[in-house]
Amino acid sequence: LGVLFILFCISFVGLGIVIALHARQVSKQGRDAVIILGAGLIGDQVSTTLALRLDKAAEYLRENKKALAVVSGGQGSDELVTEASAMKKYLIRKGIAPKRILEEGRSTSTKENFLFSKELLDARLGAGRYTCVYVTNNFHTYRAGLYAKKAGLDAEGLASRSAPYTLPTNYSREYLALIWYALFER
């Protein structure tokens, strides 16, 4: 039991360092598309976590006027609308033109966010003919990048900040999700 506890501690700290190192990713300018990963709603309104992602994406989109946005997220059992539709409304309120926003409202996981967003972008821009940025919170950037690569996207992360009170829970969740990824999804 002691050995297992030591292995857990070492792996938790090690993966925590990997997550933290990737949490500072800043994307290059001039990408063709921005994929914004969903993060849950409160009824039909974006959560604080999702608002932070959308604010970072809106900032990038204002600086990169030709980039398309893909808002990616389905509808959970406790949500009144798809995450994608709430995200689109939020971006429009932030001044992003509706014609620049593609909605991907089927996904229920990070893996699906990328697979379904890629389908939309391939249809719109041509398979393999674009580069993109994915926007997620800092704690999620590393694992999201693994899924982006697995989906075959030429993508790099753009990390938004996180509310400090969410970090212990989110780092713990990411630790478990990375263990799952390593065991079952590689």
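Our structure is the block above this text.
Presented here is a report on the structure given in the accompanying data block.

### Focus on helix H4 (residues 110-125)
Alright, step 1. The end-to-end C-alpha distance of H4, which contains 16 residues, comes to 22 Å, matching closely the 22 Å that a straight helix rising 1.5 Å per residue would cover.
Alright, step 2. Considered for burial, the residues of H4 that qualify are Thr110, Asn113, Phe114, Phe116, Ser117, Lys118, Leu121 and Asp122.
Alright, step 3. On its buried side, H4 packs onto strand S1 (33-37), strand S4 (68-72), strand S5 (101-104), strand S6 (132-137) and helix H5 (141-150).

### Examining the packing of H4 against H5
Alright, step 1. Two elements in contact, H4 and H5, have axes separated by 9 Å at closest approach and are oriented at 40°. One element, H4, and the other, H5, form an angle in the oblique class. Here H4 and H5 pass one another in a crossing that is right-handed. Counting all contacts with H4, which are made through Thr110, Lys111 and Phe114, the residues of H5 involved are Arg143, Ala144, Tyr147 and Ala148.
Alright, step 2. Taken together, the residues of the contact of H4 with H5 break down into four nonpolar, one polar and two charged.

### A closer look at the sheet that holds strand S7 (residues 155-160)
As a general point, the strands of a sheet are linked pairwise by backbone hydrogen bonds and lie either parallel or antiparallel.
Alright, step 1. Spatial ordering of the open sheet is given by S5-S4-S1-S6-S7, a layout of five strands whose pairing is parallel. The outermost strands of the open sheet, each flanked by one partner alone, are S5 and S7. Strand after strand, the sheet turns through a mean of 25° between neighbouring axes, direction not considered.
Alright, step 2. Note: S4 against S5, four bridges, orientation parallel. Counted as the bridge partner of serine 72 is glutamate 104 from S5.

### Brief notes about the environment of tryptophan 180
Alright, step 1. In this fold, tryptophan 180 is placed in helix H6 (residues 167-185).
Alright, step 2. A relative accessible area of 48% means that tryptophan 180 is categorised as partly exposed.
Alright, step 3. Tryptophan 180 sits 121 residues away from glutamate 59 along the chain, and the two C-alpha atoms are 33 Å apart.
Alright, step 4. One polar contact links tryptophan 180 to glutamate 185, side chain to side chain, over a distance of 3.0 Å.

### With respect to the pattern of salt bridges
Alright, step 1. Taken as a whole, this structure holds eight salt bridges when the rule is applied.
Alright, step 2. We note a salt bridge from arginine 31 to aspartate 154, for which the minimum N-O separation is 3.7 Å. Pair noted here: arginine 31 is in the loop between helix H1 (2-22) and S1 and aspartate 154 is in the loop between H5 and S7, with a separation of 123 residues, a long-range link.
Alright, step 3. Residue arginine 31 is classed as buried on the basis of its relative accessible area of 11%.
Alright, step 4. The class for aspartate 154 is partly exposed, based on a relative accessible area of 43%.
Alright, step 5. Connected via shared salt-bridge partners are Arg31, Asp154 and Glu156.

### Notes on the environment of alanine 159
Alright, step 1. You can see alanine 159 is positioned in strand S7.
Alright, step 2. Given a relative accessible area of 10%, alanine 159 falls into the buried group.
Alright, step 3. Separated by 107 residues in the primary sequence, alanine 159 and leucine 52 place their C-alpha atoms 9.6 Å from one another.

The rules behind these values
- For every chain, the first residue of the written sequence is number 1, and numbering continues from 1 onward in sequence order.
- It should be noted that, the model being predicted, local features are given only for residues of pLDDT at least 70 and side-chain atom pairs only at 80 or more, the latter also being counted only at that level, while totals for whole chains, interfaces and linings use all residues.
- The side-chain figures draw on all heavy atoms in the structure; neither hydrogens nor water molecules are used.
- Put simply, DSSP H or I for four residues or longer makes a helix, DSSP E for two residues or longer makes a strand, and each gets a number counted from the N terminus.
- For a helix, the expected span equals 1.5 Å multiplied by the number of residues minus one.
- For every residue, the accessible area obtained with a 1.4 Å probe (protein chains only) is divided by the maximum for its type, and the residue is called buried under 20%, exposed over 50%, and partly exposed between those limits.
- Only heavy atoms enter the contact rule, under which two residues are in contact if any of them lie within 4.5 Å.
- Note on method: axes are straight lines fitted to C-alpha atoms, helices fitted across the in-contact stretch only, with angles between N-to-C directions ranging 0 to 180 degrees.
- Should an angle fall under 35 degrees it is called roughly parallel, over 145 degrees roughly antiparallel, and 65 to 115 degrees roughly perpendicular, with every other angle called oblique.
- In a left-handed crossing the near helix is turned counterclockwise from the far helix by less than a right angle, and in a right-handed crossing that turn is clockwise.
- Following the grouping adopted for this structure description, the nonpolar residues are Ala, Val, Leu, Ile, Met, Phe, Trp, Tyr, Cys and Pro, the charged ones are Asp, Glu, Lys and Arg, and the polar ones are all others, Gly among them.
- Here, strands pair whenever DSSP counts at least two bridges between them.
- Here a polar contact is taken to be a pair of N or O atoms separated by no more than 3.5 Å, where protein atoms must pair a possible hydrogen donor with a possible acceptor and residues adjacent in sequence count only if both atoms sit in side chains.
- One speaks of a salt bridge when a side-chain nitrogen belonging to Lys or Arg is within 4 Å of a carboxyl oxygen belonging to Asp or Glu.

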